Amino acid sequence: LLGFSMQRNINGVGVGGQPWVLRRVRLTWLSFMLFFILVFFPLIAHYYLTTIDEAGGPDKPIFGPRHGGELCEAKHVQDLCRIRESVSEELLQLEAKRQELNGEIARLNLRIEACKRSIDSAKQDLLQLKNVISQTEHSYKELMAQNQPKLSLPVRLLPDKDDPGLPPPKSARFCRLRSCFDYSRCPLTSGFPVYVYETTSYPWGSYIDPLVKQAFASSVKSNIYITDNPSIACLYVVLVGEILDSFSPPPSPSELEKQLKALPYWRSDGHNHVLLHLFRKSMTQNFLYNVSTGRAAVAQSTFLEQQFREGFDLVVSPLVHALSEPNFLEVPPQVPIKRKYLFTFQGEKLESLRSSLQEVPPQSFEEEIEGDPPADYDDRIIGTLKAVQDSHLDQVLVEFTCKNPRASLPTEWALCGEREDRLEVLKVSTFALVIAPGDGQLVASAGCNMRLFEALEVGAIPVVLGDHSKLPYHQFLHWSEAAIIVPKPRVTELHFLLRSLSDNDMLAMRRQGRFLWETYFSTSENVLNTILASIRTTIQVPAAPIRDEPAHEIPHKAGKLAGTDANLADNGDLDLGPVETEPPYASPRFLRNFTYTAADTYRAWNRAPGPFQLFPHTPLDPVLPSEAKFLGSGNGFRPIGGGTGGSGKEFQAALGGNVPREQFTVVMLTYEREEVLMNSLERLNGLPYLNKVVVVWNSPKPPSEDLLWPDIGLPIVVVRTEKNSLNNRFLPWDAVETEAILSIDDDAHLRHDEIMFGFRVWREARDRIVGFPGRYHAWDVNHQSWLYNSNYSCELSMVLTGAAFFHKYYAYLYSYVMPQAIRDMVDEYINCEDIAMNFLVSHITRKPPIKVTSRWTFRCPGCPQALSHDDSHFHERHKCINFFVKVYGYMPLLYTQFRVDSVLFKTRLPHDKTKCFKFI
């Protein structure tokens, strides 16, 4: 500024070119005007306003301060006043609430401190109780040790190679197990190891029929009892036949004895050896006759009376299907019961044919008995059967001459023609005659056994004329349940006897015969298993436990704790029972191996599907580790325990009954539906009496690595399968440790109360399938075939295993005993596994399943489409039912109108579906 002034003084002019003095006068004038406005104008305004207030009066100032009420009289501020009053009131309420919450927090803090002190005290009490329990258990063990003897497994006696063993009996003819079998090599806990000689280790092995050797070797590889260590073997098996026809003449008895004694483990007398002679032909050499076999047992089809040692030797069945499985499609059905012919017989016996062709009446039985040689009733039999055929009372077929008779033993009836021609005749025969050899000394023959095999194969009921004949495995099989055995003198009453049988009796015999054929005779594997099971049962060694399927678990990580679905938790007033807080409890293992073998031998061997035979395992099916305890409190397998009794909550809070402590396992099959699976698993959270969940991962692709599995408080075992198969649902996984299995689909939607009700019902019917979705089968008259029907009906014959309880025992039967053809069809169609399980259980028990009521909406809403929505689904199920009927030979499914409802369920029924009776 100073510089600027100096410049202006020097130059004498301003910026605009005006003189400096004029510029100075203007600035002075502006400063004076500004001072006047700022000082005098407020004074004038104050005076004016004061004058107006005094003119208005002292009571009504215009610009003076006013009271709040007067201010609110203004219309435009009334709303603001109301808001202010409301906010003030709310602030007062919030302040009161804050003070109340502070007081509540203080009280809760005090309670928390008290609870902490209580928890510490409870922990001390729990520790003391654990110490008391530990001391009590220790005292209990001491008392048990003092009052019970200490038992240990018997020491196995393994003799040296040259050990002579027990002294031989006076004669090999009097050999019995007690005198010729060394029990010390077969203790009860040995597992029954069996050593099989290689056919190359003895000279005549090269002359055995190659097909027999190949079938025998294949069966040996799959047998669970075979061992490669001869030093620990309980039994030694030597295959001695069937010798080829080209090997002629057979070795002499002295040569055979020398070769037998040269066996490496014969030990001078052959104890614990079995000489096995398998045959495929109707006439086979009995080259062991007059051979001193020492203390070795003989298993073959042909025996003379002086050769057979009762209780020691074994009559075996023929080896017809050596390397092939029977074709079930070619086996005729078991119904209709009555076929074209009442009975048939085709055979030729030259020794008896001469007298039968003479035009003279046959001799009476008394005359034949008085004759010389001893009586042979074959002539009388021929005459009687011809008379029945000529009477035309019933259609029968008897032929006593053959165009191409097969070779046979003396006095034995030779088979006629080819096997295929004989089977075609038997398929249309209700009964098939099997006439025993005329020589009473021939107690077992290959020809009779072949006739018996063929009759059982096609469902013709065998009629054995000759009660002196010993049928295969007669010590164990009750042949009177599958065949009619009559003495030859009753041939005149045979027609009356066959006509008097009811249809039910004939169907029962035909079904039992089919069971015997399938189980013991049908394949080379079954034949070998039967022979070994016969010997094992005789020496009372328990069967080896059947194997569980190893569960190869897929690692997975659990996510957050699963919540409880409100819909599933809403059970009304129904108390489901306490959630198990203890570790998972497995079902007791089967502990009756020895007593079952010793006491129930007959029942095991002659188990045929029937209403009273609830233990469907045979000596061929080794004892299962989790044995079926179908009879509840009456079987004696269960620990005796009582329920709490009472009703209402006392009943609901515990299972009660004779088995008050039991759990079940959920087996869930899934295939690449992770979201649906996770939702289903989460719905199982809090389910009482659940042991664990086994997820059968049926996809070749593993689960996603970032998939978080719900934590339901119980183990979830994810099992990896070898292939995508619906049969994997019923594999007996070793991870399943309970008898009860709840098979459920990953999209099934069941409430907890429904599951618990189904579990209670299953415990009252342990041999049945108990589930929710019911179906039935029907006969299509137009197409003459069976149909699968899923429409609503008051009658049902199947319960789908998409949501059903069943016993683990049926998983063993489905996977290891049921015909393989059924499982193959399930894999082919990727369908019908539930139908197959219903067929199996109904076939075994001869009982229908039990349906329990569930909500009408069974499937998960909104879930991805399942296989059952495909149009071809029902067509495939029609085919499955008809194929299964052919395999079983009859329709095993049974209808039922029985349905179990809970009185606590409030089932909503449509108005047009209330005509079904409900059994509560």
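Note that residues are indexed from 1 along each chain, following the sequence as it is written. Local features in this predicted model are restricted to residues of pLDDT 70 or higher, and side-chain atom pairs are both shown and tallied only at a pLDDT of 80 or more, whereas totals for entire chains, interfaces and linings draw on every residue. With hydrogens and water excluded, all non-hydrogen atoms of the structure serve as input to the side-chain values.

A.B. asks: Any chance you could break down helix H23 (residues 820-829) for me, citing the residues and the numbers?
C.D. replies: All of the buried residues along H23 are Ile-822, Arg-823, Met-825 and Val-826. When H23 is viewed along its axis, its buried side chains cluster within an angular range of 160° and face the same direction. Note on contacts: a residue pair is in contact if any heavy atoms of the two residues lie within 4.5 Å. Secondary structure counts use DSSP, requiring at least four H or I residues in a row for a helix and at least two E residues in a row for a strand, with both numbered from the N terminus. The inward-facing, buried residues of H23 abut helix H22 (809-817), helix H24 (833-845) and helix H25 (872-888). Phi turns positive, to about 50°, at Ile-830, one or two residues after H23. Buried residues are those whose accessible area, probed at 1.4 Å on protein chains only, stays under 20% of the maximum for their type, while exposed residues exceed 50% and partly exposed ones sit between those limits. Arc definition: it is the arc formed by the directions from the helix axis to the C-beta atoms.

A.B. asks: Residues and numbers for the packing of aromatic side chains, please.
C.D. replies: Any two of the Phe, Tyr and Trp rings considered here, Trp counted by its six-membered ring, make a pair once their centres fall within 6.5 Å; the pair's planes then place it as stacked at under 30 degrees, edge-to-face at over 60, or tilted in between. Summed over all chains, the structure comprises 29 aromatic pairs. Centroid distance Tyr-195 to Tyr-265: 5.6 Å. Interplanar angle 80°. Geometry classified as edge-to-face. One end of the pair, Tyr-195, is in strand S1 (residues 194-196); the other, Tyr-265, is in the loop between helix H7 (253-261) and strand S3 (273-277), with 70 residues separating them in the sequence. Judged by relative accessible area, Tyr-195 falls into the buried class, the value being 15%. Ring geometry for Phe-400 against Trp-413: centres 5.9 Å apart, planes inclined by 55°, an arrangement best described as tilted. Note that Phe-400 is positioned in the loop between strand S8 (397-399) and helix H11 (419-426) and Trp-413 in the loop between S8 and H11, a separation of 13 residues in sequence. For the pair Phe-400 and Trp-413, a shared accessibility class is recorded, and that class is buried. A network of ring pairs unites the aromatic residues Tyr-195, Tyr-197, Tyr-236 and Tyr-265 as a single cluster.

A.B. asks: Residues and numbers for the nonpolar core, please.
C.D. replies: Most often, soluble globular proteins have nonpolar side chains that are buried together. Counting 77 residues, the largest nonpolar core has Phe-192 and Phe-521 as the members making the most contacts within it. Considering each element in turn, this core owes the most residues, six residues, to strand S2 (residues 235-241). If we skip the residues at most four places from it in the chain, Phe-521 touches Ser-317, Pro-318, Phe-453, Leu-456, Pro-472, Tyr-473, Leu-477, Trp-479, Leu-516, Asn-526 and Val-527. Within the second largest apolar cluster, 49 residues are counted, among which are Ile-822, Ala-836, Phe-839 and Leu-840. For our purposes a nonpolar core is just a set of buried Ala, Val, Leu, Ile, Met, Phe, Trp, Tyr and Cys residues, chained together by side-chain atoms within 4.5 Å.

A.B. asks: An account of the packing of helix H14 (residues 503-521) against helix H15 (residues 524-538) is requested, with residue identities and associated values reported.
C.D. replies: At their nearest, the axes of H14 and H15 sit 6 Å apart, and the two run at 85° to each other. When the axis of H14 is compared with that of H15, the two are roughly perpendicular. Packed against H14, whose contacting residues are Glu-518, Thr-519, Tyr-520 and Phe-521, the element H15 presents Asn-526, Val-527 and Thr-530 at the interface. Residues are grouped as follows: nonpolar covers Ala, Val, Leu, Ile, Met, Phe, Trp, Tyr, Cys and Pro; charged covers Asp, Glu, Lys and Arg; every other residue, Gly included, is treated as polar. Here the contact of H14 with H15 is composed, by residue class, of three nonpolar, three polar and one charged. Axis angles are defined between N-to-C directions and span 0 to 180 degrees, where every axis is a line fitted to C-alpha atoms and, for a helix, only to the segment in contact. Comment on the angle field: the value is read as roughly parallel under 35 degrees, roughly antiparallel over 145, roughly perpendicular from 65 to 115, and oblique elsewhere.

A.B. asks: Please provide a residue-by-residue account of the pattern of salt bridges, values included.
C.D. replies: Any two side chains of opposite charge can pair, so long as their charged atoms come close to each other. One side-chain nitrogen of Lys or Arg within 4 Å of one carboxyl oxygen of Asp or Glu is enough to make a salt bridge. By the definition in use, this model includes 32 salt bridges. A salt bridge links Glu-418 to Arg-406; its shortest N-O distance comes to 2.5 Å. Of the two residues, Glu-418 is situated in the loop between S8 and H11 and Arg-406 in the loop between S8 and H11; the sequence distance between them amounts to twelve residues. Note on Glu-418: relative accessible area 38%, which makes it partly exposed. Relative accessible area serves as the criterion here: at 28%, Arg-406 is assigned to the partly exposed category. Here Asp-745 makes a salt bridge to Arg-729, at a shortest N to O gap of 2.8 Å.

A.B. asks: So what's going on with a nonpolar patch on the surface? Residues and values would help.
C.D. replies: Like charges within 9 Å and nonpolar side chains (Val, Leu, Ile, Met, Phe, Trp, Tyr) within 5 Å are joined into patches, using only residues over 30% in relative accessible area that form no salt bridge. Surface accessibility follows the Shrake-Rupley procedure with a 1.4 Å probe radius. Residue values consider only the protein chains on display as shielding. On the surface, a nonpolar cluster with roughly 1000 Å² of combined accessible area is contributed by Leu-34, Phe-35, Phe-36, Ile-37, Leu-38, Val-39, Phe-40, Phe-41, Leu-43 and Ile-44. As for its position among the elements, Leu-43 is in helix H2 (residues 20-56). A relative accessible area of 54% means that Leu-43 is categorised as exposed.

A.B. asks: Outline the sheet that holds strand S15 (residues 664-670), listing residues and values.
C.D. replies: Two strands in a sheet stick together by hydrogen bonds in their backbones, pointing the same way (parallel) or opposite ways (antiparallel). At least two bridges found by DSSP between two strands is the condition for calling them paired. Pairing is mixed across the open sheet formed by nine strands, whose spatial order is S13-S18-S16-S15-S19-S24-S20-S25-S26. Whereas interior strands pair on both sides, the edge strands pair on one side only; in this sheet they are strand S13 (552-553) and strand S26 (899-900). Note that strand S20 (residues 770-771) and strand S24 (residues 803-807) share two bridges and pair antiparallel. Bridging from a neighbouring strand, Val-770 pairs with Phe-805 of S24.

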